Amino acid sequence: MISPRQENYSPSSSMTKPCRRGWGRFSIMLVMSVGLASSHASAQSSDAPVDFSRQIQPILARQCFSCHGPGHQEAGLKLNRRESAVEKLDSGKHAIVAGQPDESELLRRLLSTDEGERMPPSGKPVSPQNIELIRKWIAQGAKWDEHYAFTPLKSIEPPKVDDPEWSRNPIDTFVYSKLQANGLKPSPPADRVALLRRATYDLTGLPPSPAEVESFLKNDSSQAYEELIDRLLASEHYGERWGRHWLDLVRFAESNSYERDGVKPNAWRYRDYVIRSFNADKPYDRFVLEQLAGDELPDRTPETLIAAGFLRLGVWQDEPVDAVQSYYDEMDDVVTTVSQAFLGLTVNCARCHDHKIDPMLQADYYKILAFFHDVPSYASRGDERTNSQIDISSEAVNAAHNEVDRARRELRDRMEPIEKRGIVKMSAEDQRKTEGREREKVLNAKLKEFLTAEDWKAYAELKKSWDELAARPLPPRESAMTVARHVIPPPETFIFGRGNPHSRGEKVQPGYPGLFESADPKFPELTKESKVAGRRTEFARWITSPENRLTPRVLANRVWQFHFGRGIVRSPNNFGLLGEPATHPQLLDWLAVQLRDGLHGDRRIAWRLKPLHRQIMLSKTYQMSSRANAEGLAKDPRNDLFWRFDMRRLSAEEIRDSVYAVTGKLSPKMYGPGTFPEISPEVLAGQSVPGQGWGKSSPEEAARRAVYIHVKRSLVTPMLSAFDFPDTDTTCEARFTTTQPAQALGLMNGKFFQERSAELADRLRREAGTEPARQVELAYRLALQRPIDKAQVARGVNLLKTLRTKHNLDEARALNTFCLAVLNLNEFVYLD
């Protein structure tokens, strides 16, 4: 059921990276990088120049840098920079002699059969193909390029190509020129239905309705597709779709993890902030600033305070064995997420020692941490409000509450003297009780007998007014999850020996990694009246400053990734030496400059995503068919060169939302607290306290879009989990796309799909009547979003007849079963 059509299958179509902790993810990247070098070598002619960045650097990083990289230089050899790689070694020899492979000690050691000399000394040896690549590279002069992502970003002139159809959009000229250089031709355009589905799902995560399909197919205007893109970008569903991509990156969840996995109050406001920001096409530099420093901005608003909830999304241990270690684990989570999501760097690898591969010192890690040192822990046991919750009620709400508070104070000031006159006449025991929690109980029971008639009359009138105030309906106050308290001045920051916070080393100041060559930051001088440090504001502005060479590349790559299924850099959270090299570095730089400076230099749209979406989606590259051909598969099986469009399976949320859309039950309600779809008792039993923290929503609430489902770290909705919903403990750069039995079982036998199939059958009866042919035709049009031919309708009618006659199902069950089969079609869950 769930496998794609064979002719469209590509091993690269969904080769996404896992979203899990540990070294597994990096080892997968490394293997893919080295494999890429080998496969790239086999596709090149013997006299073609070797590409250092794509072919040699991954081999050195994978198999040499652990002993001869930025952190270590055994025998005096350091292979991460050319100057050190070609200089004389401790032995008096040279590892690399440009133009002379036979004189190069590196090559001799790689080929040696002597276990005492062969390199690498342990682990998997360098393959013969890669050794030959290194030989050829040295023979060609050992040209050494600085790592692409670490070079300053420069404007790129799009290449000229000889095909006028591929010359209109700069994106196409970059892609076409590379295809031409490799002897490949682009696939033909996708048909209009495939293009409509592709664009609609990409921008909204929802299927086009039958009316939208009909309107688009009848529109013969040359501007029809362009108008479609503009309409989709203006849709409020755009923010729900692209906001979900961002929520993956920032490890969004509404609970704390660990055993109790308690709720994070008001975390849902951050999700709504993200959706609204995408719909408003908020400039990315402002988007970054609000999330990293929205709580310390001089013009802070409820919106910016909610945005700073980003810093409170991580896991939190409410009962740590070592509170100091736990706090710095929280800080590590922030540094990891910020560096990978915003900068595409694995700075977290330098927490315990200098980065083994990238040019980042351990000091660089702690310099970044110092920017966030004014942020206290998420909470303390028993108090989850002081550090992370702040009142954001409107002026009108505050005024109403303040008026009641003022009236209560006035009443209290008049009531207390009367109470005292009665209390002094009570027994010693009752007097002590009035000093504690039993005060109200004692006063209600005994105060009258110790007061004069005059005092009691006055007190009774005051008490009546007090009770009336208590009963007065008031609008609820609103709170936001944010950085509600600041540590001023921020604590000093030290390098921790092996990452242990109890082993302090050298003191460091806030600063940027050395590879950026940025000047040290300057902060406003703190006084006794200072309420914020201003450090995070400075850091956020630096992230999107013109001098930052990574941020625009990383963001442009992510936009490309979510349109094409993979980025120009396939490791979107790792632009370092262990990440995959860019397949089209010049195209990525062109996109990055357009994004940072505004498309075609229009500063009014600088850092805005919608113009970039439009540019990409109007390209012929995006509009290509997913159909494969033998030549393309032979020369470029991973589709690195974009000779066709990669087919993709719908995401977990898209599948769920599409089912609701097809049944007509999808709720249009946006924003607000999360919903709680029904989860079986068997799944709930897996919690430490079964069912704790999971509510029950009405069917209408449960039918809202999946982005609004409450995200509990220990209890991911099973249907979403089966279709690769990400691990929320850490940033997710790209989701798995797996094929496993639970998916087929859930689609065919799961309660969710059984119920939705019955709802689809009800819709068919309402809108198509009782005639089987009309029911079948409508079912296919709703699910597959295309015109249905008579032969397919006939097959569907025949299936209904078979279910009734051969399997003895009544008419209702037969139609339900047919609808279930329709929702299990490949064409429903895959996009061409």
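Refer to the structure printed above.
Attention in this report is confined to the structure presented alongside it.

**Details of the overall build of the protein chain**
If you tally the helices and strands in the protein chain, you get 35 helices and six strands. Of all 832 residues assigned to the protein chain, the portion counted as buried reaches 55%. Sequence-distant contacts, at least 24 apart, represent 70% of the contacts inside the protein chain between residues at least 6 apart. For the protein chain, the exposed area adds up to about 36,900 Å²; of that, 52% sits on carbon and sulfur atoms. Here the protein chain contributes 117 positive and 114 negative side-chain charges, whose respective centroids are spaced 2 Å apart.

**Considerations on the environment of tyrosine 270**
With respect to the secondary-structure elements, tyrosine 270 resides in helix 12 (residues 267-279). Apart from the residues lying within four places of it in its own chain, the contact partners of tyrosine 270 are Trp246, Leu247, Val250, Phe252, Gln291, Ile306, Ala307, Gly309, Phe310 and Leu313.

**A closer look at the packing of aromatic side chains**
Summed over the entire model, instances satisfying the criterion amount to 42 aromatic pairs. Between phenylalanine 52 and tryptophan 144, the aromatic rings sit 4.8 Å apart at their centres with planes inclined by 35 degrees, giving tilted as the arrangement. One end of the pair, phenylalanine 52, is in helix 2 (residues 52-63); the other, tryptophan 144, is in the loop between helix 6 (128-139) and helix 7 (170-181), with 92 residues separating them in the sequence. For the pair phenylalanine 52 and tryptophan 144, one class covers both residues: buried. With a centroid separation of 5.0 Å and 90 degrees between ring planes, the pair formed by phenylalanine 676 and tryptophan 694 is classed as edge-to-face. Here the residue phenylalanine 676 occupies a position in the loop between helix 26 (652-663) and helix 27 (681-684), and tryptophan 694 occupies one in the loop between helix 27 and helix 28 (699-702), the gap between them amounting to 18 residues. You'll find phenylalanine 676 and tryptophan 694 in the same group, each marked buried. The ring of phenylalanine 523 has arginine 535 lying over it, and the distance from NZ or CZ to the ring centre is 5.9 Å.

**Focus: empty space enclosed by the protein**
The tally for this structure, following the rule as stated, stands at 10 cavities of 30 Å³ or more. Of the volumes computed, that of the second largest cavity is approximately 190 Å³. For the second largest cavity, the lining is made up of 17 residues, of which Trp246, Phe278, Tyr284, Leu555 and Leu609 are closest to its centre. Among the elements of the structure, helix 11 (237-249), helix 12, helix 13 (284-293) and helix 22 (551-564) are those that each provide at least two residues to the lining of the second largest cavity. With five residues, helix 11 is the single largest residue contributor to the lining of the second largest cavity. Residues that form the lining of the second largest cavity fall into these classes: 12 nonpolar, two polar and three charged.

**Observations regarding the pattern of salt bridges**
Under the defined criterion, the tally for this structure stands at 68 salt bridges. Its salt-bridge partner being aspartate 295, residue arginine 536 comes within 2.8 Å of it at the nearest N-O pair. Separated by 241 residues along the polypeptide, arginine 536 in helix 21 (residues 535-543) and aspartate 295 in the loop between helix 13 and helix 14 (302-307) bring together distant segments of the chain. Residue class for aspartate 295 comes out buried when judged on its relative accessible area of 1%. A salt bridge links arginine 756 to glutamate 759; the shortest N-O distance between them is 2.8 Å. Of this pair, arginine 756 and glutamate 759 both sit in helix 31 (residues 751-768), three residues apart, roughly one helical turn. Of the two residues examined, arginine 756 and glutamate 759, each falls in the buried class. Ionic contacts of the salt-bridge type, sharing partners, join the residues Lys93, Glu105, Arg108, Arg109 and Glu117 into one network.

**Some thoughts on the environment of aspartate 354**
With respect to the helices, strands and loops of the structure, aspartate 354 is situated in the loop between helix 15 (323-343) and helix 16 (362-371). Sequence-wise, aspartate 354 and aspartate 364 are 10 residues apart; in three dimensions their C-alpha atoms are separated by 8.7 Å. For aspartate 354, the contacting residues outside a window of four places in its chain are Met360, Leu361 and Gln362. At 2.7 Å, the side chain of aspartate 354 forms a polar contact with the backbone nitrogen of glutamine 362.

**Examining unusual backbone geometry**
Put simply, methionine 119 and proline 120 share a cis peptide bond, and its omega is -5 degrees. In this fold, proline 120 is placed in the loop between helix 5 (105-111) and helix 6. Within the chain, histidine 600 stands out as a residue other than glycine whose phi angle is a positive 55 degrees. Within the secondary structure, histidine 600 is located in the loop between helix 23 (585-597) and helix 24 (609-617). By relative accessible area, histidine 600 is classed as exposed at 58%.

**Points about the environment of valine 97**
Mapped onto the secondary structure, valine 97 falls in the loop between helix 4 (82-86) and helix 5. For the pair formed by valine 97 and glutamate 87, sequence separation is 10 residues and the distance between their alpha carbons is 9.0 Å. Here valine 97 is in contact with Glu103, Ser104 and Ile138, once residues within four sequence places are set aside.

**Quick notes on helix 13**
Given 3.6 residues per helical turn, the α-helix brings residues three or four places apart onto the same face. Burial of helix 13 is extensive: eight of the 10 residues sit out of reach of the surface. Buried residues of helix 13: Tyr284, Phe287, Val288, Leu289, Glu290, Gln291, Leu292 and Ala293, and no others. Close packing links the buried residues of helix 13 with helix 11, helix 12, helix 14, helix 15, helix 21 and helix 22.

**Here's the deal with the nonpolar core**
Trp246, Tyr270, Leu292, Phe342, Phe372 and Phe539 are the most contacted members of the largest nonpolar core, which totals 173 residues. It is helix 15 that contributes the most residues to this core, nine residues altogether. Apart from residues lying up to four places away in sequence, phenylalanine 539 is in contact with Leu292, Val338, Ile368, Phe371, Phe372 and Tyr512.

**Description of the packing of helix 8 (residues 192-204) against helix 9 (residues 210-218)**
At a closest axis distance of 11 Å, the pairing of helix 8 and helix 9 adopts a crossing angle of 130 degrees. In terms of orientation, helix 8 lies oblique with respect to helix 9. Where helix 8 crosses over helix 9, the handedness of that crossing is right-handed. Of helix 9, the residues touching helix 8 (which contributes Arg192, Val193 and Leu196) are Glu212, Val213, Phe216 and Leu217. Residue composition of the contact of helix 8 with helix 9, grouped by class: five nonpolar, no polar and two charged.

Calculation rules
Residues numbered from 1 in each chain as written. Predicted model: local features only at pLDDT ≥ 70, side-chain atom pairs only at ≥ 80, totals over all residues. Heavy atoms only, no water. Helix = DSSP H or I, 4+ residues; strand = E, 2+ residues; numbered from the N terminus. Buried < 20%, exposed > 50% of the residue type's maximum accessible area, 1.4 Å probe, protein only. Contact = heavy atoms within 4.5 Å. Areas by Shrake-Rupley, 256 points an atom, 1.4 Å probe, with all protein chains shown as cover. Lys, Arg positive; Asp, Glu negative; His and termini not counted. Charge placed at Lys NZ, Arg CZ, Asp CG, Glu CD. Phe/Tyr/Trp six-rings, centres within 6.5 Å; stacked < 30°, edge-to-face > 60°. Lys NZ or Arg CZ within 6 Å of the ring centre and 35° of its normal. 1 Å grid on protein atoms, 1.4 Å probe; cavity = no way out; pocket = protein on both sides within 12 Å on 5 of 7 lines; lining within 4 Å. Points joined across faces, edges and corners; volume = space filled by probe spheres on them. Nonpolar A, V, L, I, M, F, W, Y, C, P; charged D, E, K, R; others polar. Salt bridge = Lys/Arg side-chain N within 4 Å of Asp/Glu carboxyl O. Polar contact = N/O pair within 3.5 Å; in protein donor to acceptor, adjacent residues only side chain to side chain. Core = buried A, V, L, I, M, F, W, Y, C linked by side-chain atoms within 4.5 Å. Axes fitted to C-alpha atoms, helices over the stretch in contact; angles between N-to-C directions. Parallel < 35°, antiparallel > 145°, perpendicular 65-115°, else oblique. Left-handed = near helix turned anticlockwise from the far one by under 90°.

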